[in-house]
Amino acid sequence: MKQVISTHQAPAAIGPYSQAIRVGNLLYTSGQIPINPATGSFVEGGIKEQTRQSLTNVKAILEEAGLTMAHVVKTTVFMADMNDFADMNAVYAEFFAEPYPARSAVAVKTLPKGALVEIEVIAEKA
């Protein structure tokens, strides 16, 4: 049975989807773009600031589900420009510790609302 996870500490869904769904011990988040939930607007700055906000949004959803970033087993990072990889990776490293989750990072043509980055995760609570 799936359970919807939702928090006001992360941006509300902007379409017909949930912030996250829990199925058994697994939590699947929707991709988080760098919207500050307090303002409803993108954070100012470039890829570093946008990565930080996207991961802060992910963290808020995990916390609503009673999880932490340490529970994350897989991430997918979508970027508008692969040239931003090093800066994204530097901020990403601030949010995760060893053992690091598995990760895919891909460049895409465009992201919602013109974001530079979007991040989704799968987390497990054993």
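Here, the structure is the one placed above.
Everything in this summary refers to the structure shown in the same document. (Residues numbered from 1 in each chain as written. Predicted model: local features only at pLDDT ≥ 70, side-chain atom pairs only at ≥ 80, totals over all residues. Heavy atoms only, no water.)

Here we come to the nonpolar core. In terms of nonpolar packing, the biggest core is built from 25 residues, with Leu 27, Leu 55, Leu 62, Met 69, Val 77 and Phe 96 touching the most fellow members. Within the residue set of this core, elements represented by two or more residues are α1 (47-64), β6 (72-79), α2 (85-95) and β8 (117-124). Setting aside its immediate chain neighbours within four residues, Phe 96 contacts Leu 55, Met 69, Val 72, Thr 75 and Pro 101. (Core = buried A, V, L, I, M, F, W, Y, C linked by side-chain atoms within 4.5 Å. Buried < 20%, exposed > 50% of the residue type's maximum accessible area, 1.4 Å probe, protein only. Helix = DSSP H or I, 4+ residues; strand = E, 2+ residues; numbered from the N terminus. Contact = heavy atoms within 4.5 Å.)

Below, the discussion takes up the sheet that holds strand β2 (residues 20-23). Sheet architecture is open: 6 strands sit in the order β1-β2-β3-β8-β6-β7, paired in mixed fashion. Each end of this open sheet is capped by a strand with a single partner; those strands are β1 (2-5) and β7 (102-107). Taken over all neighbouring pairs, the strand axes of this sheet differ in orientation by 15° on average, direction set aside. Where β1 lies against β2, 4 bridges are found, and the strand directions are antiparallel. In the sheet register, Val 4 faces β2, and the bridge partner there is Ile 21. (Pairing = 2+ DSSP bridges. Axes fitted to C-alpha atoms, helices over the stretch in contact; angles between N-to-C directions.)

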